[in-house]
Every structure is written in C-alpha cells, then in structure tokens.
Amino acid sequence: MIMKVLLDIKDSKALHLLEVLKELPYVKTKQLTDSKAQLMSEIREAVEEMKLIRAGKKQARDAEDFLNGL
C-alpha cells in the first residue's frame, strides 16, 4: 500500500525539504504546477461540501439555479 501526501510549504523552505526527501530511497517526489495544485484544492473543497450536504449540515442548491449561475 502507498500513502500519498500533499504538503503546503513556504517557497523558501521547499527546495531544502525536497532535497531531503529525494535522498530517502522509499520516497518519490513530484512537484505540482500551480494550476494542478489549485484544481486539487477546488476538488477537495467540493468533496467536503458534498459530505456536508449528505450529512444534512448544508443545503444543496437546485441544479437549474446552479446551471443558470454558470
């Protein structure tokens, strides 16, 4: 089994940490572009919103209202 972890690191510290991680034989690193990182963040927010809706903690929007808002 493989665990994937997404980290938010200040730019000034990121290169150092990446170098350390690259030295570990059991860790693979891959940098994300800003657009991919933003997309992942937006998807995560959407999933959390769906969980709240399913739990009855948030009201779902009508599909027609949603489409008209686009």
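Being a predicted model, the structure only gives us computed values, none of them experimental. (Residues numbered from 1 in each chain as written. Predicted model: local features only at pLDDT ≥ 70, side-chain atom pairs only at ≥ 80, totals over all residues. Heavy atoms only, no water.)

Caption draft 1: Representation of the overall build of the protein chain. Broken down by element type, the protein chain carries three helices and zero strands. Here the C-alpha atoms of the protein chain give a radius of gyration of 18 Å, more than 25% beyond the 11 Å that 2.2 N^0.38 yields for 70 residues. Structurally, the protein chain occupies a C-alpha span of about 50 × 30 × 20 Å along its principal axes. For the protein chain, with 70 residues in total, the buried portion stands at 3%. A total accessible area of about 7,300 Å² is found for the protein chain, and carbon and sulfur atoms account for 56% of it. Put simply, the protein chain has 13 plus and 12 minus side-chain charges, and the middle of one group is 7 Å from the middle of the other. (Helix = DSSP H or I, 4+ residues; strand = E, 2+ residues; numbered from the N terminus. Rg over C-alpha atoms; globule rule 2.2 N^0.38 Å. Buried < 20%, exposed > 50% of the residue type's maximum accessible area, 1.4 Å probe, protein only. Areas by Shrake-Rupley, 256 points an atom, 1.4 Å probe, with all protein chains shown as cover. Lys, Arg positive; Asp, Glu negative; His and termini not counted. Charge placed at Lys NZ, Arg CZ, Asp CG, Glu CD.)

Caption draft 2: Region of the structure containing the pattern of salt bridges. Enumeration over the complete set of coordinates arrives at two salt bridges. The partner of lysine 51 in a salt bridge is glutamate 48, and the shortest N-O contact between them spans 3.7 Å. In this pair, lysine 51 and glutamate 48 are both assigned in helix H2 (residues 34-54), three residues apart and thus about one turn of the helix distant. Look at glutamate 48 and you get partly exposed, because its relative accessible area is 42%. (Salt bridge = Lys/Arg side-chain N within 4 Å of Asp/Glu carboxyl O.)

Caption draft 3: Expanded view of a positive patch on the surface. A cluster of basic residues, Lys4, Lys28, Lys30 and Lys36, forms a positive patch at the surface. With respect to the secondary-structure elements, lysine 36 resides in helix H2. (Patch = residues over 30% accessible without salt bridge, like charges linked within 9 Å, V, L, I, M, F, W, Y side chains within 5 Å.)

Caption draft 4: Representation of H2 within the structure. With 21 residues, H2 extends 30 Å from end C-alpha to end C-alpha; this agrees with the ideal 30 Å at 1.5 Å per step. Glycine 56 sits one or two residues past H2 and shows a positive phi near 80 degrees. (Expected span 1.5 Å × (residues − 1).)

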